[in-house]
Amino acid sequence: MNREGVGMMEVIIGMLILTVGILAMAAATTFVQVQLWSADMRTERQVARQQIVEELQTLHFDSIQTVAEADAVTRGEYILWWDATSLDWALKEVDIIARGPAVRNGERENTFQDTMTFRIARLIQ
């Protein structure tokens, strides 16, 4: 079988396959970009909460008190406040509420709010 060149149908099919592949790559790139954006905001929110945890851990156990939303502190783009509850004489549970930007359904939301809970124990010497 001797062929002189590539037929028109083969060129069209090749271009169609190439077009589908390029469109799939473009869609995947957008998806990855949104996921990276979301992960970046989750990391920033976690860093802000971790700063509060570390600050509370430096306080004397009896000094750890609730901070109301009206007295919230700001870390980066996030507003944080917390509720400290004594579980017994040597243990407190602290709920840290963070409000700020997040990505939901592929779009930025500036008032996303979530809570992280941690416990802190009285230092016994």
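Our structure is the block above this text.
This report concerns the structure included in the present document. Because the structure is a prediction, the values reported are computed rather than measured.

### Brief notes about the overall build of the protein chain
Here's step 1: Within the protein chain, the secondary structure is distributed over 1 helix and 4 strands.
Here's step 2: When its helices and strands are written in sequence order, the protein chain yields α-β-β-β-β.
Here's step 3: Computed over the C-alpha atoms, the radius of gyration of the protein chain is 27 Å, more than 25% above the 14 Å expected from 2.2 N^0.38 for a compact globule of 125 residues.
Here's step 4: Taking the principal axes of the C-alpha coordinates as reference, the protein chain spans close to 90 × 35 × 20 Å.
Here's step 5: Residues classed as buried in the protein chain amount to 26% of the 125 residues present.
Here's step 6: Summed over its atoms, the accessible surface of the protein chain is roughly 8,900 Å², and 59% of this surface lies on carbon and sulfur atoms.
Here's step 7: Computing the positive centroid from 11 side-chain charges and the negative centroid from 17, the protein chain places the two 2 Å apart.

### Observations concerning the pattern of salt bridges
Here's step 1: Counting across every chain of the model gives 8 salt bridges.
Here's step 2: As a salt-bridge pair, Glu 55 and Arg 75 come within 2.8 Å of each other at their nearest N and O atoms. Here the residue Glu 55 occupies a position in helix H1 (residues 8–58), and Arg 75 occupies one in strand S1 (residues 73–75), the gap between them amounting to 20 residues.
Here's step 3: In the salt-bridge network here, residues are joined through shared partners; they are Arg 45, Arg 49 and Asp 114.

### Some words on the pairing of strand S2 (residues 78–88)
Here's step 1: Examined bridge by bridge, S1 and S2 share 3 bridges and lie antiparallel to one another. Along S2, the bridge assignment pairs Arg 75 with Tyr 78.
Here's step 2: The turn linking S1 back onto S2 is made up of 2 residues, and Gly 76 within it adopts a positive phi angle of 65 degrees.
Here's step 3: Pairing of S2 with strand S3 (residues 91–104), which is carried by 9 bridges, proceeds in the antiparallel orientation. For Asp 83, the partnering residue across the bridge sits in S3 and is Asp 95.
Here's step 4: Connecting the antiparallel pair S2 and S3 is a turn made up of 2 residues.

### Re the packing of aromatic side chains
Here's step 1: Enumeration over the complete set of coordinates arrives at 0 aromatic pairs.
Here's step 2: Against the face of Phe 61 rests Lys 92, its NZ or CZ located 5.0 Å from the ring centre.

What counts and how
- Residues numbered from 1 in each chain as written.
- Predicted model: local features only at pLDDT ≥ 70, side-chain atom pairs only at ≥ 80, totals over all residues.
- Heavy atoms only, no water.
- Helix = DSSP H or I, 4+ residues; strand = E, 2+ residues; numbered from the N terminus.
- Rg over C-alpha atoms; globule rule 2.2 N^0.38 Å.
- Buried < 20%, exposed > 50% of the residue type's maximum accessible area, 1.4 Å probe, protein only.
- Areas by Shrake-Rupley, 256 points an atom, 1.4 Å probe, with all protein chains shown as cover.
- Lys, Arg positive; Asp, Glu negative; His and termini not counted.
- Charge placed at Lys NZ, Arg CZ, Asp CG, Glu CD.
- Salt bridge = Lys/Arg side-chain N within 4 Å of Asp/Glu carboxyl O.
- Pairing = 2+ DSSP bridges.
- Phe/Tyr/Trp six-rings, centres within 6.5 Å; stacked < 30°, edge-to-face > 60°.
- Lys NZ or Arg CZ within 6 Å of the ring centre and 35° of its normal.

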